[in-house]
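Structural overview
Next come the chains, spelled out residue by residue.
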Amino acid sequence: MLTTLLLNVAFASTDLVEDIRNRDPQLAHEVATWEPIRTRAGFPRFINSPGDETDIADVAVLLAQRLTDESEPNQIRYAAAMWLAESADNSALISTAFSTETSPEIRVVMTDVFKEAPSQVAIDGLLTAMADPDPRVRTAAARIVGYRPEAELTSPTINQLSDPNPAVRAFASRALGWRGNTVAFSNITTLLNDIDPDVRLQAIIALDRLDSSAAMVLPEIELLCDDADPRVQRAAMGLRTR
Amino acid sequence: MRSLLLILVLAGCGEFSLDTPLGPISVDDPALADAPGIIGVPNIDDDDENGVEDWDDAEDGGDNDIVGLTLYPHRKPLTLSVSGDDEFIRIWMDDDIVLDEDEDSLELSKDDGEAITLGIEFGDYLAKGILTISDGKNSLEILLTSSPLITNHHLQPAEYIWVLEYTGWGGNGAMLDVFEAQLGDRFIPVSGSDYGWDLWVEDEFEFASANGTDGHRLDTVIDSIRDRGLDDMPEDMLVEPDVALRIWGNPNQVTTYDSFGNLEASPPVTVDGVTYPFGRVYYGAVGDYHRPDEELTEMFASQHIQSPVEIDTSWLCVGHIDEFTSFIPDPSSEKGFKFLFADTVAGYELIDSMDGNLYLSQYASQQNGHGIETISEMRDDQGIRYYNEDIQANYLDPVLEVFISNFGLEEEDIILVPALFEEVSNCGAAALIPGTVNLAVANMEGEPVKLFIPDPYLRENTNDQSSDAFIALIEELFPSDIELFFVDDWLYHMGLGEVHCGSNTQRTPIVNWWDYPELLGDF
């Protein structure tokens, strides 16, 4: 793991960038001038790709340089982070850059790489993201944890159930349900009384996944059949009447 | 609705009459004075192209949007007055405004019986007023109504389709070629370099219309407040005499819900005994934040005739209604349409039935695909499966119920289209398999209906659509007498949209709104 990490960190080094510029000036020029499109949702995204898949590693180095270059506009750095985060091959590189990245929006995008990353890189990266001062990054971590199987993430995710931010609590519930962490059943049950309807909804769904027989007889579920939020009401009634 | 006009007959037969575009009106024959009365279109285009909207143009440039009337006074002096939405109604006589919000009464002293030509001008959609004509003995109240703004739906014949040209690597050239081959000069490419390579033509504007008698047509371009690269395109390419442009909302408060992929109209439907011959407007809106600008939604509500329906699209990253619903023509069915609705259960049924080893060339790339190499990789991803189960249970199933109850849909009207979604970075859901329902409907007059559908690429050989099980299923599910063209929209797909998002269609209006006064609100 350490070797991979060092290799990836080295990816972005000036020497490597210079080496590519000398070896393949056309590719270096192309990537340096890539401009993102705006997706329909409005965020910037590079849709470019090198014609030759063997150039992918070089492109990653060149884009990593753009990502960490503070003189680049944030939309370029955002698009670079997104491009890099789409491949687990870049996970160690992103882990390293994560700690120095100043923009929370870009740290959110970076967190996506841990969805498919090698186990230890994902654990380390997600634990860092879970402790991030920005709730959007903690939300991203809670969301991605749901796609990961590692036992080391269970306890930190349970802790996220009491995060002050409701989106974090909701995604942590979802993650524990997806992961089948039955140990979290009672912790999640407390969220059935959460002030935020999204949290209550995700708690119902998670409990249903973890143990529907136990969940359907909870008195809180009966009360939620009259919840003010129609989605919560529907989920509770669906569970009760199954 | 006002059920009966107040007609005061003080003595004997009527002493004056009026010729209107829909026929004569007199005290003895007042039927046409009742709702909607004398009708017209709002005079808000710029017929003389002097840069000033005609309603605000003191130099009335001989425009064609003023309703002509002939009044036969029958030798008695008359008093005319206008009430109601008088800030949007004017009466002209001999090239002068004689009644408006400042002048509420007019004495006509001509007593020789000579016919008088009047003009009625409206300044807004669905302006309603009453023109009262009195000769001292008889008084006649005649309703005045301008056309509501009617948003086009997919059963109206298509006239032109616009798509932005995006050249270069990974561009949309192949898709444009199909449009051009099938539509000829009805397809209008838009220069990408002129409009900042803003692909999302559907999102920038919506076509609607207002209509008068004798085929008078005022197309309206509803210009979105999203104001990205395509912002100037409607003014540059669409606005002309008889085509008006209107903006509702505050661009400083724009959200994704203000884009017009999030604004559609259904075909004609009957709901609980109420018929909507122009369909119903629908858009994504839920809660306080996930909704279009209030000025826009209030405008649609005020038009009454397409009574709007709000749908929860908050679970989507982009949040647009066209990402998972569409109406398509079905000439062979009684209602004339099918409702397409994305369904993840059907999506999994399809991929569960496919060969797990099938290599998905188009999906395999990490950066320009989904990093998914085979069918089994897609179907065995437990995170994606849970995500789709949650979407189905919490959003798609309840939303389908909303559509059924608000559009009077029956089981045979609905096609559940296989779909799978993935989660986009802290944003929400987006199509994993290109969203089939996000398609363009080209039903040119006198030609077969043509649908331009995102190619799902659920196959190894990207050039061989005949080997695609998804395409085969769609061909089986969709009405047999329409033509399907599966186009390469991967550029759009990776940008979180599909064919419908990247195109816009002008359609021939349905004109006879005046036959449905009961759908125009209170008079």
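Because the structure is predicted, anything quoted here is derived from the model rather than measured.

**Here we look at the domain arrangement of chain B**
Residues and elements named next belong to chain B. By the assigned domains, chain B splits into domain 1 (7-146) and domain 2 (151-515). Centre-to-centre separation of domain 1 and domain 2, based on C-alpha positions: 43 Å. For the side of domain 1 that touches domain 2, the residue count by class is nine nonpolar, one polar and five charged.

**Describing the environment of R77 of chain A**
Residue and element names in this part refer to chain A. Relative to the elements of secondary structure, R77 occurs in helix α5 (residues 74-85). Look at R77 and you get buried, because 24 C-beta atoms sit within 10 Å. Along the chain, R77 and P36 lie 41 residues apart, while their C-alpha atoms are 10 Å from each other. Ignoring any residue separated from it by four or fewer positions in sequence, one finds R77 in contact with R66, L67, E72 and I106.

**Points about unusual backbone geometry**
All names here are of chain B. Cis geometry is adopted by the peptide bond preceding P36, which originates at A35 and carries an omega value of 5°. Inspection of the secondary structure puts P36 in the loop between β3 (23-26) and β4 (38-40). Positive phi is not limited to glycine here, since W197 has a value of about 55°. Positionally, W197 belongs in the loop between β15 (187-190) and α2 (201-204). For W197, a count of 19 C-beta atoms within 10 Å gives the class partly exposed. One non-glycine residue, H304, lies in positive phi territory at about 65°. Along the chain, H304 falls in the loop between α4 (294-303) and β23 (309-311). By C-beta crowding, H304 is classed as partly exposed, having 16 other C-beta atoms within 10 Å.

**Regarding the pairing of strand β30 (residues 450-454) of chain B**
Residues and elements named next belong to chain B. Within β30, five of the five residues are buried, leaving the element largely enclosed by the surrounding structure. Of the two faces of β30, the one carrying K450, F452 and P454 and the one carrying L451 and I453 are both buried. Pairing analysis gives three bridges linking strand β29 (residues 440-442) to β30, with the strands arranged antiparallel. Across the sheet, residue A440 finds its bridge partner in β30, namely F452. Across five bridges, β30 lies against strand β31 (residues 483-487) in parallel orientation.

**What to know about helix α11 (residues 166-179) of chain A**
Residues and elements named next belong to chain A. With 14 residues, α11 extends 20 Å between its outermost C-alpha atoms, agreeing within 8% with the 20 Å of an ideal straight helix rising 1.5 Å per residue. Among the 14 residues that make up α11, 13 are buried, leaving the element largely enclosed by the rest of the structure. Backbone geometry just after α11 places G180 at a positive phi near 70°.

**Considering the environment of D95 of chain B**
Within the secondary structure, D95 of chain B sits in the loop between β7 (89-93) and β8 (96-99). Sequence separation between D95 of chain B and S146 of chain B is 51 residues; the distance between their C-alpha atoms is 21 Å.

**Overview of the confidence of the model for chain A**
Averaged over all residues, the pLDDT of chain A is 92; the fraction at 70 or higher stands at 93%. The low-confidence segment residues 1-8 of chain A, where pLDDT is below 50, has ten contacts with residues more than four positions distant or belonging to other chains.

**Points about the interface of chain B and chain A**
Chain B puts 29 residues into the contact, and the matching count from chain A is 28 residues. Mapped onto the side of chain B that touches chain A, the elements with two or more residues apiece are α8 (382-407) and α10 (490-494) of chain B. Looking at the side of chain B that touches chain A, the element that brings in the most residues is α8 of chain B, giving five residues. Looking at side-chain class alone, the side of chain B that touches chain A contains 13 nonpolar, 13 polar and three charged residues.

**Section: the sheet that holds strand β16 (residues 205-211) of chain B**
Residues and elements named next belong to chain B. Ordered by their spatial adjacency, four strands build an open sheet running β13-β16-β17-β18, and the pairing between neighbours is mixed. Of all strands in the sheet, those bounded by a partner on one side alone are β13 (150-151) and β18 (243-246). Where β16 and strand β17 (residues 217-223) come together, seven bridges link them in antiparallel fashion. By the bridge assignment, S209 is partnered in β17 with D219.

**Examining the packing of helix α9 (residues 135-145) of chain A against α11 of chain A**
A pair of packed helices can be characterised by two numbers: the angle between their axes and the separation between those axes. All names here are of chain A. As a packed pair, α9 and α11 sit with axes 7 Å apart at the nearest point and diverge in direction by 10°. When the axes of α9 and α11 are compared, the pair comes out roughly parallel. Contact residues: α9 offers P135, R138, T139, A142, R143 and V145, while α11 offers A167, V168, F171, A172 and A175. Here the residues of the contact of α9 with α11 are counted per class, giving eight nonpolar, one polar and two charged.

**As for the sheet that holds strand β25 (residues 337-343) of chain B**
All names here are of chain B. Read from one edge to the other, the open sheet built from three strands follows the order β24-β25-β26, with strand pairing classed as mixed. Only two strands of the sheet have a single neighbouring strand rather than two, namely β24 (325-329) and β26 (414-418). Averaged over neighbouring strand pairs, the angle between their axes works out to 30° when direction is ignored. Pairing analysis gives five bridges linking β24 to β25, with the strands arranged antiparallel. Note that in β25 the partner of I328 across the bridge is K338. Against the sheet, helix α5 (residues 344-352) touches β25 and β26, its axis set at about 50° to β26.

Criteria and cut-off values
Residues numbered from 1 in each chain as written. Chains lettered and ligands numbered in written order. Predicted model: local features only at pLDDT ≥ 70, side-chain atom pairs only at ≥ 80, totals over all residues. Domains from an automatic or database assignment. Nonpolar A, V, L, I, M, F, W, Y, C, P; charged D, E, K, R; others polar. Helix = DSSP H or I, 4+ residues; strand = E, 2+ residues; numbered from the N terminus. Buried ≥ 20, exposed ≤ 12 C-beta atoms within 10 Å, placed from the backbone. Contact = placed C-beta atoms within 7 Å. Pairing = 2+ DSSP bridges. Expected span 1.5 Å × (residues − 1). pLDDT = per-residue confidence, 0-100. Axes fitted to C-alpha atoms, helices over the stretch in contact; angles between N-to-C directions. Parallel < 35°, antiparallel > 145°, perpendicular 65-115°, else oblique.

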